[in-house]
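If you want the building blocks of each chain, they are given just below.
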Amino acid sequence: AVSAPDWFTAARFGMFVHFGLYSGAARHEWVQTNEKLTDADYRQYFDNFDPDLFDAAEIARTAKQAGMSYVVLTTKHHEGFALWNTALSDFNSAAACGRDLVRELVDALRAAGLKVGLYHSLIDWHHPDFTVDWVHPRRDDENAASLNEGRDMARYREFLLGQVRELLTDYGQVDYLFFDYTYPEAKQGWAGKSAADWDAEGLLALCRELQPGMIVNDRLGIPGDFVTPEQYQPTEPLVADGVPVLWEACQTTNGSWGYDRDNDNHKSADLLIRMLADSVSMGGNMLLNVGPNGRGALDKRDTALLAEIGEWMRLHE
Ligand code: JFZ
């Protein structure tokens, strides 16, 4: 493992940005599996993708004003849609709307003096070689048993490695990478997937080769540089072999990562501040999510919370 860079330990607070075609559907980033949507059903979100209000400079400014020091963008979520101009698939934002949103955000973060974090999904519901398993939208189809004929995870692994290579080659220095995620248990008659399905070792080696200073999370299914408890707060410092472990709790404002229009189940600013203080007191960071809407605009319910947190941060600097 890379030892924790000073910036990450000092940072303590970052912004997670979940954005993709599901933002247009506006009902959770797992909508395709939750509602068993076919590729044809889902196509409308690609055809109508037009993030005219996605303003990278504003996202960077909002993070800074909240007292955050890094931002982590979903380059590709489980739906498989790439937010950059990938040469390896047409299912990407440049093809959909002529924009490379990874480039836009990375440039804005650097200009604002924020660290650059990328999220990348190991799962891919769009790729024809990704086998149907219990997280897949097709898992309950009538012809389910025959669905994996011809699907070849070795080809998918090559694609995954190739896309990660693009991200770590074409966008300058990347400080942080969040892979998501390995789920070994079988469920509902379907197999899960393990580190071997991703060639976790190969992916991590590529990261070390292309971005030697970058920290990588632990969701490849092999140890990384920090651990990522999700939507729960550790209640004591995390320790391994008597040594404090670097960790980062990722948290939502309302229980959904992707824009979820009708979900008003927001935590209070007071609660989020306590969660941040708790994390820091136990040696952890907090990565707080925002889900821009289908046009790419930050949600007012999120920005109101961030403004309150920012005020508290300035009072307690
Ligand atoms: C994953 C994604 O499925 C989800 O949509 C979101 O992007 C989130 C940040 O990550 O969800 C997970 C991954 C791992 C665990 C739980 C939810 N886990 O290890 O408990």
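Look up a bit, the structure's there.
Starting afresh in each chain, residues are numbered from 1 along the sequence in its written order. Local features in this predicted model are restricted to residues whose pLDDT is 70 or higher, and side-chain atom pairs enter the listing and the counts only when it is 80 or higher, whereas totals over whole chains, interfaces and linings include all residues. The side-chain values count all of the structure's non-hydrogen atoms but skip hydrogen atoms and water molecules.

Q: Help me out: how do you make sense of the site of the ligand in this one?
A: Neighbouring the ligand are 12 residues, the closest being His18, Glu29, His77, His78 and Asp180. We define a polar contact as two N or O atoms separated by no more than 3.5 Å, with the added condition that, inside protein, one atom must be a possible hydrogen donor and the other a possible acceptor, whereas residues neighbouring each other in sequence contribute only through side-chain atom pairs. Contact between the ligand and histidine 78: an oxygen atom at 2.7 Å from a side-chain N or O atom of the residue. Separating an oxygen atom of the ligand from a side-chain N or O atom of arginine 219 is a distance of 3.2 Å. Per-residue and other accessible areas were derived by the Shrake-Rupley procedure at a 1.4 Å probe size, with only the shown protein chains allowed to occlude residues. Here the ligand, which alone exposes 450 Å², has 74% of that area covered by the protein. Looking at side-chain class alone, the shell around the ligand contains five nonpolar, three polar and four charged residues. Summary of the distance rule: residues count as near a molecule or strand when at least one heavy atom falls within 4 Å of that molecule or strand. Residue polarity follows a fixed list, in which Ala, Val, Leu, Ile, Met, Phe, Trp, Tyr, Cys and Pro are nonpolar, Asp, Glu, Lys and Arg are charged, and the others, Gly among them, are polar.

Q: Would you explain the pairing of strand 1 (residues 13–17) in this entry?
A: When a strand is regular, its side chains alternate between the sheet's two faces. Exposed residues in this analysis have more than 50% of their type's maximum accessible area, buried residues have under 20%, and partly exposed residues fall in between, with area computed by a 1.4 Å probe over protein chains only. Where helices and strands are cited, they refer to DSSP runs of H or I of at least four residues and of E of at least two residues respectively, numbered from the N terminus. Counted residue by residue, strand 1 has five buried out of five residues, so it is predominantly covered. Alternating residues of strand 1 divide into Phe13, Met15 and Val17 and Gly14 and Phe16, and every residue in both groups is buried. A pair of strands counts as paired when DSSP detects no fewer than two bridges linking them. Where strand 1 lies against strand 9 (residues 284–290), five bridges are found, and the strand directions are parallel. Paired with phenylalanine 13 across the two strands is methionine 286, which belongs to strand 9.

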